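Summary of structural features
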Amino acid sequence: MDMCTAEATASLLQVEETFSACLARIDALILKPLLQAEPNDQKGKENFKLFQLLNDRFQALWNLTEENYWILKQKWSTSESFCIQDIYIIWKGDLFLSLYIQYFVTFANYVVVQGFEHATKSKSEVWKHHKTVLKQFLTDFTSESSMSLALYTVLHKPIREHIEQYTQLLTKLKVALQEGSEKDVVISAIKEYMKLESFINQVLDEACFTKSLWKNLSYKFTDILCVPERRLLEDSKNLPISASTNRSDRILLFDDVLVIIQGNSFQSFDLKLVWIDENYKEKSAPGLYGLRIITPEETFFLTAKDPQMKAVWQWKLNQAVRQALNGKRDFPLWGKTGEGTEPPSRRFFTYVFRLEGKFKSATYEGEWHWGKPHGKGTLKWRDGRNHVGDFKDGLEHGFGICLVPRQSEDRYDCYKCHWYEGKMRGYGICEYGNDMVYKGYFKDNMREGFGILENISAEHPFKYTGQWESDKKSGYGVWEDKDRGERYIGTWLDDRRHGQGIVVTQSGVCYQRMFHADKMVGKLSFANGFILEGTFTNKSGQGLQTHGILNTSNEQLDDRITKAQLGLEEFPVEKRWKGIYDQFLEFIHSGCKEEMEESFTGFHVQTSKELRKSQEYLFCQRGTEEVSWKIEDILEELILHQELESLQIYLEKALKSSLHPLGKLLKALTIAFQATYSGIGANRHLLTMAQEEVKHYAKKIWEFYQSLLHLALEQKVQQPAKCVDGGTSDQKACSVVLPLILPCFYPELSMLYMLYHEREDDLYCQGIVDLSLFPDIKLLEFLDVQKHLWPLKDLTLTTNQRRSLIKDKCFLSATECLQKLITTVDPREKLVILQKTYEEIESTVSRVLEKDYKLPMDDLLSLLIYVVSRAKIQHLGAEIHLIRDLMDPTNQGGLYDFLLTALESCYKHIQKMRLNQRDNCHVAHSS
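Each value, and the rule that gives it
Residues numbered from 1 in each chain as written. Predicted model: local features only at pLDDT ≥ 70, side-chain atom pairs only at ≥ 80, totals over all residues. Heavy atoms only, no water. Helix = DSSP H or I, 4+ residues; strand = E, 2+ residues; numbered from the N terminus. Buried < 20%, exposed > 50% of the residue type's maximum accessible area, 1.4 Å probe, protein only. Contact = heavy atoms within 4.5 Å. Areas by Shrake-Rupley, 256 points an atom, 1.4 Å probe, with all protein chains shown as cover. Salt bridge = Lys/Arg side-chain N within 4 Å of Asp/Glu carboxyl O. Pairing = 2+ DSSP bridges. Axes fitted to C-alpha atoms, helices over the stretch in contact; angles between N-to-C directions. Parallel < 35°, antiparallel > 145°, perpendicular 65-115°, else oblique. Nonpolar A, V, L, I, M, F, W, Y, C, P; charged D, E, K, R; others polar. Phe/Tyr/Trp six-rings, centres within 6.5 Å; stacked < 30°, edge-to-face > 60°. Lys NZ or Arg CZ within 6 Å of the ring centre and 35° of its normal. Core = buried A, V, L, I, M, F, W, Y, C linked by side-chain atoms within 4.5 Å. Patch = residues over 30% accessible without salt bridge, like charges linked within 9 Å, V, L, I, M, F, W, Y side chains within 5 Å. Expected span 1.5 Å × (residues − 1). Left-handed = near helix turned anticlockwise from the far one by under 90°. pLDDT = per-residue confidence, 0-100. Polar contact = N/O pair within 3.5 Å; in protein donor to acceptor, adjacent residues only side chain to side chain.

Counting its regular elements, the chain contains 28 helices and 25 strands. In the chain, which comprises 927 residues, the proportion classed as buried is 50%. Taking all contacts inside the chain whose residues are at least 6 apart in sequence as the whole, residues at least 24 apart take part in 53%. Summed over all atoms, the accessible surface of the chain reaches about 44,900 Å², with 51% contributed by carbon and sulfur.

As structure tokens, this is what we get:
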């Protein structure tokens, strides 16, 4: 082994010594003179810089050769044994290969720009002085015309021959070695050096091919197209093909661009944004074979006369595109070792649009697919506009954020919206530069459907919640002027109040009238019962102006004023908030496609950051909890929860989730309800409007649940949905959905009930105050409760047996039970509490009588009055009517209905008996 390696080392030592001497002569006689002859013209200076780089590569090769030579020489003189590791062209082969590749790539670049031809034409004195010496060195070349060829040859031929010597030397070593790992290492090194020889041949061939093009092409083309690194891969003059773009004289395929020359002009297409469709067939010319070339702004065709010619061009184009995308050429350049012939259809690149269109002069950076922006990307215009988001088939599609500078001020309008085929569509948040914010739906770049516009500036703050058409307020909506403390509930047309409307003021005034282009006529009712009838105008800064008649009679206060309910006929509940329901219907009609979910998403978030996160959720895989709410999982779950008990649990979870479609719908309805009835809108005249609205919400949510279920069953090809314990749709809405959604609306709804029943509750509370003065025994006597029912055993008497001082001890368990009535918002639970109160009363009586006892109505009523008076529940009238209006219709006529009627009777008795109590109270105290 050592003998073979020693012979190889000796041979290599001699080869390196000879080659190093050759390089020294080339450096002294050629490179140094040329480096001293710097030209004055611009083109010459550019070529000179390239020659300086070539010299640097040459010096690196020379230094490596010298270093290898001295290492070998030292090893030869000091060591008696040799191994493969001592041969650096094997052991450090990568370094050798890399430096040779760098040299020949730079050499080829210099060839392309005709560097040697320009160098030999130098007129400098330094060059002239060395010319005679140079001719002696280049003995094979004597004529003036061959000097450039001589330079070309002497700067690459000795180096190529040296690489061949490496290969020959290693081949001899391979033959001498026995089979084993060392021989395998040598064989591998031989292959790499042979690849290098092939690479050099192809690089020089391409360089000469490209140089020939620049020598024969017009200067107006070469001045722009000629780049040292650019290589000509194919020319339609050598391999005929024609283009469909008007009249094409010539087609040139380079390693980075495709060029089509047409007369005195040309078009250049970056290969990174070129797609080749080989399936195109020219119908108008059946004898031709075509390729469709797709670029960001143009599509044209290349046609050949036979399929073989088409196949060659197709292969070369695909190879060139793929290599351009990879950023490196195949090795060998046109071998079969490339990573496939088909370039990827999806790419990432930056491009500036130049042709007329919505993207003109914009720079797009992002993902592409078949010549069009597709995927994630960013568009930037020169005027400051930019769009960041999703694209599809060349247009904004999906979620995107768009900034538009305002012309008159240094501020921006920011649109965080969903886009559909290049236009805003679906839910979005738009923050305008004038301090206004819109949250709602768009269609064709205009506000359309349900939306909220709010002015957040300190000057003239307002908020509109309602329907939009063609970017204007049209349809049903609520306007709140926070500056004037006024709210308008009604219909709109072309941004103006038009049709029936209700105005509520901060001072409690509420009136309904007709509007025509913001002007109004009608009746104005005040909280004190006065009525003003006439025509009204509302001029800025001048307040409300009117011409009409003021009626100060308040005889009809109870029936007509405090009980009057507005908007019931003018705004049918079915026509309110239609825009919210339309979005959900669109989603269902689409088959609940995931991309359509954006059409109604968003009202569960309040900030732009939350909106962005919510949209990322729709399209990204996340944790298991969130993935479980993907739409396919939702439809799957719906089928599993059709039984009543299971369904109620499922709906409760869904309605509380901001990611479930039903939860999103409920959130939007909650916002609409609060915009109407909270704050200024808390007016007794709107109670029935609000109450029927909540019931309608339950009905619509139940309908949408049914629609989702039917869709899920259709997709699973199953039987129709099971009927949940029978009953109509309205009944199911009240019994199943209403109790689940009521907590969302309860604060506003309960306030309206309290205001509506305020006078009755005041009378009731006064009665409660008076009755609370009675001790237990006196109150039982006053209420005519039969004495054998008195729970005397429950009383703790004083030492003097002064029973009149015992207070709030009788029927304590029933009283505490009834007080829980205000701890829940669910009418079902309130009725259960009422039933338990009745059971506690009856249980106490049974204990007193020491037997089971069923209370007759007369006894129950008097005892219930006692318990109600001791429970001291404020706003009991509001509670009773809320339960009555919103309870399950199936309870009507049953036990719950009976108990509620009894409670209502107690409430009315307490109101009426108050006037007869004061004398009795004084008697009780004097005793």
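Attention now goes to the pattern of salt bridges. When their charged atoms lie close together, side chains carrying opposite charge are able to pair. Counted by the stated rule, this structure contains 37 salt bridges. One salt bridge in this structure joins E781 and K778, with 3.9 Å as the shortest N-O distance. On the criterion of helical spacing, the pair formed by E781 and K778 is a turn pair, its members being 3 residues apart in helix α22 (residues 776-782). We classify K778 as partly exposed; its relative accessible area is 28%. Measuring nitrogen to oxygen at the nearest pair gives 2.4 Å for the salt bridge that ties R884 to D897. Of this pair, R884 sits in helix α26 (residues 876-886) while D897 sits in helix α27 (residues 895-913), placing them 13 residues apart in sequence. Overall, R884 belongs to the partly exposed group, its relative accessible area being 26%. Using a relative accessible area of 14% as the deciding quantity, one classes D897 as buried. Salt bridges linked by common partners bring D481, R484 and E486 together as one network.

The subject of this paragraph is the pairing of strand β19 (residues 472-481). Of all 10 residues in β19, 7 are buried, a share of seventy percent or more. Counted between consecutive antiparallel strands, the loop separating strand β18 (residues 462-469) from β19 contains 2 residues, among which S470 sits at a positive phi close to 50 degrees. Note: β19 against strand β20 (residues 486-493), 7 bridges, orientation antiparallel. In the strand pairing of β20, G477 is matched with G490. Following β19, the chain reverses through 4 residues before pairing antiparallel with β20; G485 in that reversal takes a positive phi of roughly 65 degrees.

Another point: the sheet that holds strand β1 (residues 232-235). In space, the 4 strands of this open sheet follow the order β1-β3-β4-β5, with antiparallel pairing throughout. In this open sheet, the two edge strands, each paired with only one partner strand, are β1 and β5 (265-270). On average, each strand axis in the sheet is inclined to that of its neighbour by 20 degrees, with strand direction left out of account. With 4 bridges connecting them, strand β3 (residues 250-254) and strand β4 (residues 257-262) associate as antiparallel partners. Paired with I251 across the bridge in β4 is I260. Packing against the sheet, helix α9 (residues 181-216) makes contact with β1 and β3, and its axis sits at approximately 60 degrees to β1. Docked against the sheet, helix α11 (residues 307-326) engages β1, β3 and β4, running at close to 40 degrees with respect to β3.

The next thing to look at is the pairing of β5. Here β4 pairs with β5 via 6 bridges, running antiparallel. Note on β5: the bridge partner recorded for V259 is S268. Remark: 2 residues form the turn of the hairpin made by β4 and β5, two consecutive strands paired antiparallel; G263 in that turn has positive phi of roughly 65 degrees.

This paragraph deals with the packing of helix α4 (residues 93-112) against α9. One can describe the packing of α4 onto α9 by two numbers: an axis separation of 8 Å at closest approach and a directional angle of 10 degrees. Between α4 and α9, the angle is such that the two are roughly parallel. Here G93, F96, L97, Y100, I101, F104, V105, F107, A108, V111 and V112 of α4 come into contact with α9, specifically with E192, Y193, L196, F199, I200, V203, L204, A207, C208, T210, K211 and W214. Grouping the constituent residues of the contact of α4 with α9 by class yields 19 nonpolar, 2 polar and 2 charged.

Quick look at the environment of K211 now. Counting through the fold element by element, K211 comes out in helix α9. Taking the C-alpha atoms as reference points, K211 and V113, separated by 98 residues in sequence, lie 6.7 Å from one another. Apart from residues lying up to four places away in sequence, K211 is in contact with V111, V112, Q114 and E117.

This part covers the packing of aromatic side chains. Tallying each qualifying case throughout the model produces 46 aromatic pairs. Each ring, one from F58 and one from Y103, has its centre 6.4 Å from the other, and the planes form 55 degrees; the classification is tilted. One end of the pair, F58, is in helix α2 (residues 42-78); the other, Y103, is in helix α4, and 45 residues separate them in sequence. Three or more aromatic residues joined by ring pairs make a cluster, and in this case those are Y438, F442, F462, Y464, W468, W479, Y488, W492 and F515. Across the ring face of Y438, the terminal group of R447 is positioned such that the distance to the ring centre comes to 5.6 Å. For the cation-ring pair, K700 lies above Y581, with the distance from its terminal atom to the ring centre recorded as 5.2 Å.

Let us now look at the nonpolar core. Ranked by size, the top nonpolar core spans 72 residues in total, and within it I502, L662, I701 and I741 carry the most contacts. No other element matches the 15 residues that helix α19 (residues 687-715) contributes to this core. In contact with I502, other than residues within four places in its own chain, are R487, Y488, I489, C510, Y511, Q512, L566, G567, F571, L686 and M689. Formed by 70 residues, the second largest nonpolar core is a distinct cluster that contains A8, L31, L61 and C226.

Positive phi values are uncommon outside glycine, yet D444 reaches one of about 55 degrees. As for its placement among the helices and strands, D444 is situated in the loop between β16 (436-443) and β17 (446-455).

Another aspect to go through is a nonpolar patch on the surface. On the surface, a nonpolar cluster with roughly 270 Å² of combined accessible area is contributed by M857, L895 and F898. With respect to the helices, strands and loops of the structure, M857 is situated in helix α25 (residues 857-871).

The 4 strands are arranged β2-β8-β7-β6 in an open sheet whose pairing can be described as antiparallel. Looking along the sheet, the strands with just one partner apiece sit at the ends: β2 (242-243) and β6 (275-277). Across 6 bridges, strand β7 (residues 289-294) lies against strand β8 (residues 299-304) in antiparallel orientation. Residue L291 lies in a different strand from β8, and its bridge partner there is L302. Lying on the sheet, α11 is in contact with β6, β7 and β8; it crosses β7 at an angle near 20 degrees.

Two residues of an α-helix separated by three or four positions point the same way, owing to the 3.6 residues in each turn. Here α4 is 20 residues long and its end C-alpha atoms lie 29 Å apart, about the 28 Å a rise of 1.5 Å per residue gives. Where α4 terminates, the next one or two residues include Q114, which has phi positive at roughly 60 degrees.

At their nearest, the axes of α19 and helix α20 (residues 729-756) sit 7 Å apart, and the two run at 155 degrees to each other. The angle between α19 and α20 places the two elements in the roughly antiparallel class. When you trace α19 past α20, the crossing you get is right-handed. Of the residues in the contact of α19 with α20, the class split is 18 nonpolar, 2 polar and 4 charged.

Right, let's get into the confidence of the model for the chain. Here the chain averages 84 in pLDDT, while 82% of its residues score no lower than 70. The low-confidence segment residues 799-804 (pLDDT under 50) makes 3 contacts with residues lying over four places distant or belonging to another chain. Segment residues 921-927: pLDDT under 50, and 6 contacts once partners within four positions in sequence are set aside and those in other chains are kept.

To continue, consider helix α18 (residues 661-677). With 17 residues, α18 extends 25 Å between its outermost C-alpha atoms, agreeing within 8% with the 24 Å of an ideal straight helix rising 1.5 Å per residue. In terms of burial, α18 is a largely internal element, 15 of the 17 residues being buried.

Relative to the elements of secondary structure, E179 occurs in the loop between α8 (157-176) and α9. One polar contact links E179 to K183, side chain to side chain, over a distance of 3.1 Å.

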